[in-house]
Protein chains: 2
Amino acid sequence: MEYETPLFFRVMGYAARADRDVIDMVSGNPDWEPPAALREALHEYADLDPDAFQYPPSPGLRDLREEIAARRGVDADQVVVTNGAGEANYLAMARALERDAGSEVLLTDPVYPYYPGKTTMLGGSQRFVATDADGHLDPADVRAAASEETAAIVVNSPNNPTGAVYPAETVCELVAIAEEYDAILVSDEVYDHFDLSGRFESALAVDSDHRIVTNAFSKSMAITGFRVGYAIFPPDLVENAESRHMLVNVAGSRPAQYAVLHALRETGPEYYERNRDLLGERVDAFTSALDDAGAEYTRPEGAFYVMARFEGYPGTLENVERLIDEAGVAGMPGEAFGDARADWLRFALVTPRAEEAADRLAAYFG
Amino acid sequence: MEYETPLFFRVMGYAARADRDVIDMVSGNPDWEPPAALREALHEYADLDPDAFQYPPSPGLRDLREEIAARRGVDADQVVVTNGAGEANYLAMARALERDAGSEVLLTDPVYPYYPGKTTMLGGSQRFVATDADGHLDPADVRAAASEETAAIVVNSPNNPTGAVYPAETVCELVAIAEEYDAILVSDEVYDHFDLSGRFESALAVDSDHRIVTNAFSKSMAITGFRVGYAIFPPDLVENAESRHMLVNVAGSRPAQYAVLHALRETGPEYYERNRDLLGERVDAFTSALDDAGAEYTRPEGAFYVMARFEGYPGTLENVERLIDEAGVAGMPGEAFGDARADWLRFALVTPRAEEAADRLAAYFG
């Protein structure tokens, strides 16, 4: 069994080695400040007694689980604190595949490349459902693809890479389809704080024992390197997921959990609003420069990314490398996200130089 | 597929709820200070720019991999920094099982219970090789159990729970057996800094592409909650392990890796010696009190634990709970570690109250 190493790392390596100034629009690393309380809590933690440096409970610090549960309206025992959304999705998909209720995973095309990678690693097979041109998913298409073999339906809203934010009806229908086919809807909501449409709906809004919601503080607190995420399981699926978490990782990293707990308690809504507004401004500036460049693009309703297409310039790795060398802008090849967007490029807006990058693209393609 | 939840958590929960003072000799959490440089580095990290809070490279901070590689005499590209020894063992065992070279895992009896748990989770089958009364492993017994079906041989020296430290000849023979049967020796050396015998030998001493060495800073730096460990792979096995690491966890937690890197660079041998000497003194005091209690026991050559047997008091969960209630000492039931030691109890010496606990045991059983 071999896994595909995501293209991210190849592109980032190429950009780092380039012989010129390159604006990095590859990775989804926020470039803004984490909450002040997070820094304070790390200082506080550094001076605690040695016992605070030892194993946290395997499913996470109890106070953190309770804090998350209270915000999400679930029981703390349903929450497993994970090593980022990455592990949360891994646990959720593993749980869906080991229920002996099918071995097929329904994914969208375009897709976030870690999902097919995890599916293969876990021994499942993939089936792709195409989204609309704007990245939206028609539940009728998902239903048409679903069968007795469906173990999981994995979605991500606000979506990476398309920027689509699924409306409540879609989320509701996806849960219904999962129930109908005895499958599990895995709803990855890691960009929930970056909903620019005001229409985001969590899968938690629909009560069901057929959906697992995953999330993390990586994006919302600008700490992708801390690796603190969580999954919310239906009560009858949580115990087994906790065992897998324990057998793989024992527990997550405690200084990171401690800092997140304090930041969660002490950070007001204005912190999250400020960063969302900043992202909104960047979307405006970047898309307006894309207009100048004559590019086709999808205006994101949420998340960090803009997908764009330049006439006669398909989204291959080769073209991405050419763009790094000739325009000084690093994006992601659309082909990394599946067949549907092979002609496109994905640009991450988490750089203060997003507008400058757009100007470079306009000059290069214009 | 269901996994056994290790008994640790049940016993610790019972001890915490007890209506009296209980000395915790259950968990392997060091009770001494971490290196001073580790606390300093956490303070330093808390004030870094936001980009230091984002994803580290998936296989670990480059400087940390190089620092580990230099100390272990391997190439930095062979080192994957993991979420503790737990993930290191998971990656190593998964790698051994997916080589299509057998699906059986040879384990020792007594065994560290996470190993059979991981084996089952990864779809492998278990075969146990009994150790001698003192916890030592006769390579001839391992060879007799090995076959074409052997995917991995998983050992742990200094050993949890027996305290045995395997001599160089054993380590050498185990590598030879792995080579003979196209299997992988997984050598978990997490207690290497707590060798009281002076005879510890790392499997790295034998050059081979059939052994993976796992380790962590959890015990040596008294930071079980930080979750920083590593696995050293033969060059041709590392890429696939890195992919699994990325697909499960994306990366480990960066503040923890940063702190460990600095502590590794700035901590002299006297730190490690002091803690090892402290452990040695506790072994003396505890075993001498066990003599007073008329208990049979194995004097550990390394690691944190003493296994003891009290006449007419088998190591069941029920008896462990009775000991908590009636003697105020919490140990681990021997049955957690396999059939061979079902009559025994395991006591962890990582408490300043180890001698007091031994006195309580002497009073109770004496």
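Every chain is numbered on its own, with residues counted from 1 as its sequence reads. As a convention, the first chain written is A and the first ligand written is 1, with the rest following in written order. In keeping with the model being predicted, local features are shown solely for residues with a pLDDT of at least 70 and side-chain atom pairs are shown and tallied solely at 80 or more, while totals for entire chains, interfaces and linings include all residues. Hydrogens and water molecules were not included; the side-chain quantities draw on all heavy atoms of the structure.

**Looking at the overall build of chain A**
What chain A contains, in helices and strands, is 12 helices and 13 strands. Here the C-alpha radius of gyration of chain A, 20 Å, is about what a compact globule of 366 residues would show, namely 21 Å. By its C-alpha atoms, chain A is 55 × 55 × 40 Å across when sized along the principal axes. Buried residues are those whose accessible area, probed at 1.4 Å on protein chains only, stays under 20% of the maximum for their type, while exposed residues exceed 50% and partly exposed ones sit between those limits. Looking at chain A residue by residue over its 366 residues, the buried ones come to 67%. Intrachain contacts of chain A at a sequence separation of at least 6 include 75% that bridge at least 24 residues. A helix here means a DSSP run of H or I that spans at least four residues, while a strand means a run of E at least two residues long, and both kinds are numbered starting from the N terminus. We compute the radius of gyration over the C-alpha atoms and compare it with the globule rule, which gives 2.2 Å times the number of residues raised to the power 0.38. Note on contacts: a residue pair qualifies if any of its non-hydrogen atoms lie within 4.5 Å across the two residues.

**Some words on the side chain of B:Thr298**
Residue position: B:Thr298 is located in strand β9 (residues 296-298). Setting aside residues up to four positions removed in sequence, B:Thr298 forms contacts with B:Ala133, B:Asp134, B:Thr162, B:Val306, B:Met307, B:Arg341 and B:Trp344.

**Let's talk about the pattern of salt bridges**
Here a salt bridge means any side-chain nitrogen of Lys or Arg lying within 4 Å of a carboxyl oxygen belonging to Asp or Glu. Enumeration according to the criterion identifies 45 salt bridges over all chains in this entry. The salt bridge partner of B:Arg99 is B:Asp182, with a shortest N-O separation of 2.6 Å. Taken as a pair, B:Arg99 in the loop between α4 (84-97) and β3 (104-109) and B:Asp182 in the loop between α7 (168-180) and β6 (184-188) lie far apart in primary sequence, 83 residues in all. B:Arg322 is the partner of B:Glu326 in a salt bridge, and the nearest nitrogen-oxygen pair spans 3.7 Å. Pair noted here: B:Glu326 and B:Arg322 are both in helix α11 (residues 317-327), with a separation of 4 residues, about one helical turn. Looking at B:Glu326, the relative accessible area reads 44%, which means it is partly exposed. Given a relative accessible area of 39%, B:Arg322 falls into the partly exposed group. If you follow the salt bridges from partner to partner, you end up with A:Asp21, A:Arg353, A:Glu356 and A:Arg360 in one network.

**Describing the pairing of strand β4 (residues 125-130) of chain A**
Taken together, the 6 bridges between strand β3 (residues 104-109) of chain A and β4(A) define a ladder with parallel strand orientation. Its bridge partner lying in β4(A), A:Val105 is registered against A:Gln126. At least two bridges found by DSSP between two strands is the condition for calling them paired.

**With respect to the interface of chain A and chain B**
Interface size, as often reported, equals the accessible area lost upon joining of the parts. Across the contact, 58 residues belong to chain A and 58 residues belong to chain B. Here the quantity called buried area is the total loss of accessible area, with a 1.4 Å probe, experienced by two parts when brought into contact, counted for both. Each partner contributes to the roughly 5100 Å² buried at the junction of chain A and chain B, and carbon and sulfur atoms together form 55% of this total. It is A:Phe53, A:Tyr55 and A:Leu247 that lose the most area in chain A upon contact with chain B, and together they represent 14% of the buried surface on that side. Our count for the chain A to chain B interface comes out at 0 salt bridges.

**Notes on the nonpolar core**
Here, nonpolar core refers to any group of buried Ala, Val, Leu, Ile, Met, Phe, Trp, Tyr and Cys residues whose side-chain atoms link them within 4.5 Å. In terms of nonpolar packing, the biggest core is built from 266 residues, with A:Phe226, A:Phe310, A:Phe347, B:Phe226, B:Phe310 and B:Phe347 touching the most fellow members. Setting aside residues no more than four positions away along its own chain, B:Phe226 makes contact with A:Tyr45, A:Phe53, A:Ser253, A:Pro255, B:Leu38, B:Leu42, B:Ala256 and B:Ala259.

**With respect to the packing of aromatic side chains**
Residue and element names in this part refer to chain A. The pairing test for Phe, Tyr and Trp rings, Trp by its six-membered ring, is centres within 6.5 Å, and the orientation test on the planes gives stacked under 30 degrees, edge-to-face over 60, and tilted for anything in between. Using the criterion set out here, one finds 40 aromatic pairs over all chains in the structure. An angle of 75 degrees between the planes, with centres 5.1 Å apart, marks the rings of Tyr 112 and Tyr 115 as edge-to-face. Comparing Tyr 112 with Tyr 115 shows no difference in burial state: the two are buried. Both rings, one in Tyr 191 and one in Tyr 305, keep their centres 5.8 Å apart while their planes meet at 85 degrees; by these two values the pair is edge-to-face. Of this pair, Tyr 191 sits in the loop between β6 (184-188) and β7 (211-216) while Tyr 305 sits in strand β10 (residues 305-309), and the two are 114 residues apart along the sequence. Taken individually, Tyr 191 and Tyr 305 each receive the classification buried, so the pair is uniform in this respect. Joined through ring pairs, the aromatic side chains of Phe 286, Phe 310, Tyr 313, Phe 347, Tyr 364 and Phe 365 make up one cluster. For a ring to carry a charge above it, either NZ of a lysine or CZ of an arginine must fall within 6 Å of the ring centroid while also lying within 35 degrees of the normal to the ring plane. The ring of Trp 344 carries Arg 341 above its face, with NZ or CZ at 4.8 Å from the centroid.

**Concerning the pairing of strand β5 (residues 150-156) of chain B**
All names here are of chain B. Of all 7 residues making up β5, 7 are buried, and the element is well covered by its neighbours. Note: β3 against β5, 3 bridges, orientation parallel. Note that in β5 the partner of Leu 106 across the bridge is Ile 153. The pairing of β5 with β6 spans 5 bridges and is classified as parallel. Across the sheet, Asn 156 pairs through a bridge with Asp 188, a residue of β6. Handedness of a crossover is defined as follows: orient the strands so they point away from the viewer, and if the path from the first strand over the helix to the second runs clockwise, the crossover is right-handed. Remark: the β5/α7/β6 crossover connection has right-handed handedness.

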